Amino acid sequence: MSTGSRSLATTPRGGPLARLADFIADFGELLINWVTALGSISLFTGRTLSWLFTRIPRRETMLPNFYQVGVLSLPVVALTGTFIGMVLAAQSYSQFKMMHLESRLGAVINLSLVRELGPVLAATMLAGRVGSAIAAELGTMRVTEQIDALSSMGASPIHYLVVPRFLACLVLIPTLTIMADFMGVAGGAFYGIVMLDIDWHHYWANSQHYVDLFDLFTGVFKSLFFGAAIAVISCHRGFYCDPGAEGVGRAATGAFVHSFVVILVIDFFLGVAMDNVYDVVWPDVFKSL
Amino acid sequence: MVAKAGKTNEPGQFLVEIRDASVGFGRHEVLRDITVQIPRGETLVVIGESGCGKTVLLKSIIGLVRPYQGSVLFDGNDLSKLRQQELARERTRFGFLFQGAALFDSMTVRQNISFPLREHTKKPADEINQIVEDRIADVGLPETVLDQKPVQLSGGMRKRVGLARAMAMNPDLMLYDEPTTGLDPIMSDVINELILRSRERYDVTSVVVTHDMRTARKVADRVIMLYPLGRLDEDEPQMIFNGPPEDIDGSGDARVTQFVEGEAGERLMEMRQRGAL
């Protein structure tokens, strides 16, 4: 018996079957973790939505979150939006000039901005500036037992901490998106018309011709999903943060990384879906605008 | 002594009953088959070394942690079977002083203490302010701290504000998690006095988790001692002492004596064997 145990302990596990078994075990564990995480975030979202429709938080709880998400994010969104518009103009100009299509630059810049770059940029800024802060704040509250303290006093941490942040992200991200769109369009026009000397009439005429109101609607509509995803992911990461400073740090970075990945995935699927339903959902009366 | 409306002190009635409760996190079991009954008005002190499950026991009493086996009854209700709103209502009958006080950083002291009153009562602002001022006076702090943020306070002051917040709703059951940990001996004695005074003034039932024997001897009507499961065989009970504080010195259990007298005993030998000493 003892000889057998010794031989088992000293024999290295290196055969192909053992490696396959290890791979299956690792893959199984990964799969279980993914399903558990998905279940956890689904329950968390369900509880948030259930509280959202049960009782709206008090004004004094909501206002600081709206200020943090909306007012304090505006300058950085406006600044980055402006530069994205100018970068697009600067980078695309030479290619368009080669084909003598520089007057079409406005259409390309503005279409890219209102459909894709504006919403994604506003969402990325929100995830970086607000999402990480939410995860770090809730994570710190978790490790210092403030979330337990809320529960112990009969208050729902979801209602008190998550719902206001969720509402702030959901309601204000369209505003940030429109700001990013506007500043990007202005930045692109400034660089194209003033610095690159593109004829302003053709620049705007082409923009008006190619950029539909539906494009603007698509961008703003997508942003609602981005805002909801950022709020849920960031709050969830903070809420179930691991102990210690390391746990809070991981929650903050994880909130941004996961939010960013989910933003791009949602962007792709919603972008394709919106293209397909264009004729169905968009009344003809708007197409002439 | 201020008798509270609706509070009964019928003999034989337990405010808290823990029945064969086992609590674990994943594969890690922390509490096993714990049975404790706490009569109304009693101050129960739970002692034991770090990691033995004292805080988990405290959190399972208020329903922050749920046993996977057995039950915890508060005033006859199994908290794990209550709906969310009923549970929230029952929790207003608890006061919980957390180890680090767990004051809300973003709020002032006044907002912290008034939080449960604003959440659960429709009292006018003046009345709430009066209660806040009474509670802050109860814990011996000046009213000037009311408009300060928790980060501006010392550890002892934070604990006292935490105690004032826990007492704001005039609870039936006070739970204290390591109330004197990290405090100097004088401040520890102040906290012990406040625990005693809360009981005398508000007729509150209390559970105090501590590893400070001075606190245990001073405030306890009864002491229980838990032992870490990792050091026990499967059939050994986790609760190794249950009795009045005056009996603890003569318990006859070497593990209890070691803890009470603060002797490392076999732990030193284990560390030597591992080469740590």
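On a predicted model such as this, the values are computed, not experimentally measured, just so you know.

Thresholds, definitions, all that
Residues numbered from 1 in each chain as written. Chains lettered and ligands numbered in written order. Predicted model: local features only at pLDDT ≥ 70, side-chain atom pairs only at ≥ 80, totals over all residues. Helix = DSSP H or I, 4+ residues; strand = E, 2+ residues; numbered from the N terminus. Buried ≥ 20, exposed ≤ 12 C-beta atoms within 10 Å, placed from the backbone. Contact = placed C-beta atoms within 7 Å. Nonpolar A, V, L, I, M, F, W, Y, C, P; charged D, E, K, R; others polar. Pairing = 2+ DSSP bridges. Axes fitted to C-alpha atoms, helices over the stretch in contact; angles between N-to-C directions. Parallel < 35°, antiparallel > 145°, perpendicular 65-115°, else oblique. Left-handed = near helix turned anticlockwise from the far one by under 90°. pLDDT = per-residue confidence, 0-100. Core = buried A, V, L, I, M, F, W, Y, C linked by C-beta atoms within 7 Å.

Trainee: Any chance you could break down the overall build of chain A for me, citing the residues and the numbers?
Mentor: Counting secondary structure elements, chain A contains 12 helices and 0 strands. Reading the secondary structure of chain A in the N-to-C direction produces α-α-α-α-α-α-α-α-α-α-α-α. With respect to the three principal axes, the spread of C-alpha positions in chain A is 90 × 55 × 40 Å. In chain A, buried positions account for 42% of the 289 residues. For chain A, the share of sequence-separated contacts (at least 6 apart) that also reach a separation of at least 24 residues comes to 89%.

Trainee: Quick one: what's the story with the environment of Arg135 of chain B, residue by residue and with numbers?
Mentor: All names here are of chain B. In this structure, Arg135 sits in helix α4 (residues 125–138). According to the C-beta neighbour criterion, Arg135 is buried, with 22 such atoms within 10 Å. For the pair Arg135 and Arg165, spaced 30 residues apart in sequence, the C-alpha to C-alpha distance is 7.7 Å. Beyond its immediate stretch of four places on either side in the chain, Arg135 contacts Ile113, Ala164, Met167 and Ala168.

Trainee: Account for the interface of chain B and chain A, with residues named and values stated.
Mentor: The interface is formed by 16 residues belonging to chain B together with 11 residues belonging to chain A. Sorting the residues of the side of chain B that touches chain A by element identifies α2 (84–91), β6 (94–97) and α3 (109–120) of chain B as the ones contributing at least two each. With 4 residues, the single largest contributor to the side of chain B that touches chain A is α3 of chain B. Split by residue class, the side of chain B that touches chain A holds 10 nonpolar, 3 polar and 3 charged.

Trainee: Tell me about the environment of Phe217 of chain A, and name the residues and values.
Mentor: Residue and element names in this part refer to chain A. Relative to the assigned elements, Phe217 resides in helix α9 (residues 213–239). We classify Phe217 as partly exposed; it has 16 C-beta atoms within 10 Å. Along the backbone, Phe217 and Val87 are 130 residues apart, and their C-alpha atoms lie at a distance of 24 Å.

Trainee: I'd like a description of unusual backbone geometry, backed by residues and values.
Mentor: Phi is positive for Glu145 of chain A, close to 65 degrees, though the residue is something other than glycine. Inspection of the secondary structure assignment puts Glu145 of chain A in the loop between α5 (105–143) and α6 (146–152). Although it is not a glycine, Ala102 of chain B adopts a positive phi angle of roughly 55 degrees. Summarising the element assignment, Ala102 of chain B is placed in the loop between β6 and α3.

Trainee: Describe the sheet that holds strand β4 (residues 69–74) of chain B, listing the residues and the values that go with them.
Mentor: All names here are of chain B. Spatial strand order, β2-β1-β4-β5: 4 strands in an open sheet with antiparallel pairing. On the outer flanks of this sheet lie β2 (28–39) and β5 (77–78), each paired with one strand and no other. Pairing geometry for β4 and β5, over 2 bridges, is antiparallel. Counted as the bridge partner of Leu73 is Asp78 from β5.

Trainee: I'd like to hear about the sheet that holds strand β8 (residues 205–209) of chain B, residue by residue, with values.
Mentor: Whether parallel or antiparallel, the strands of a sheet pair through hydrogen bonds between backbone atoms. All names here are of chain B. In space, the 6 strands of this open sheet follow the order β6-β7-β8-β3-β9-β10, with mixed pairing throughout. Each edge of the open sheet carries a strand with a single partner, namely β6 and β10 (239–243). If you compare each strand with its neighbour and ignore which way they point, the axes differ by 15 degrees on average. Bridge count for strand β3 (residues 43–47) against strand β9 (residues 222–226) is 4 bridges, and the pairing is parallel. When the bridges of β9 are listed, Val46 appears paired with Ile224. Docked against the sheet, helix α1 (residues 54–61) engages β3, β7 (173–177), β8 and β9, running at close to 150 degrees with respect to β8. Contacts from helix α8 (residues 254–261) reach β3, β9 and β10, with the element oriented near 75 degrees to β10.

Trainee: Run through the packing of α5 of chain A against helix α8 (residues 200–210) of chain A, naming residues and quoting values.
Mentor: Residue and element names in this part refer to chain A. In contact at an axis separation of 7 Å, α5 and α8 are set at 45 degrees when each is read in the N-to-C sense. Regarding the angle of α5 to α8, the classification is oblique. Handedness of the crossing formed by α5 with α8: right-handed. Within the contact between the two elements, α5 uses Leu105, Gly106, Ala107, Asn110 and Leu111 and α8 uses Tyr203, Trp204, Asn206, Ser207, His209 and Tyr210.

Trainee: Just give me the short version of the confidence of the model for chain A, but keep the residues and values in it.
Mentor: Chain-level statistics for chain A give a pLDDT mean of 89 and a share of 92% at 70 or above. The model gives residues 1–11 of chain A a pLDDT under 50, and that stretch makes 0 contacts with residues more than four places away or in other chains.

Trainee: Any chance you could break down the nonpolar core for me, citing the residues and the numbers?
Mentor: Where a protein is soluble and globular, its nonpolar side chains tend to be buried together. One finds Leu126 and Cys169 of chain A together with Leu175 of chain B to be the most contacted residues of the largest nonpolar core, which totals 140 residues. Here this core gets 20 residues from one element, more than from any other, and that element is α5 of chain A. Ignoring any residue separated from it by four or fewer positions in sequence, one finds Leu175 of chain B in contact with Leu58, Ile61, Ile62, Phe94, Gly95, Phe96 and Val207 of chain B.

Trainee: Explain the pairing of β3 of chain B to me, and be specific about the residues and the numbers.
Mentor: Residue and element names in this part refer to chain B. Within β3, 5 of the 5 residues are buried, which leaves it mostly tucked inside the rest of the structure. As defined by bridge partners, β3 adjoins β8 across 4 bridges and the pair is classed as parallel. Bridge assignment links Leu44 to a residue of β8, and that residue is Val207.

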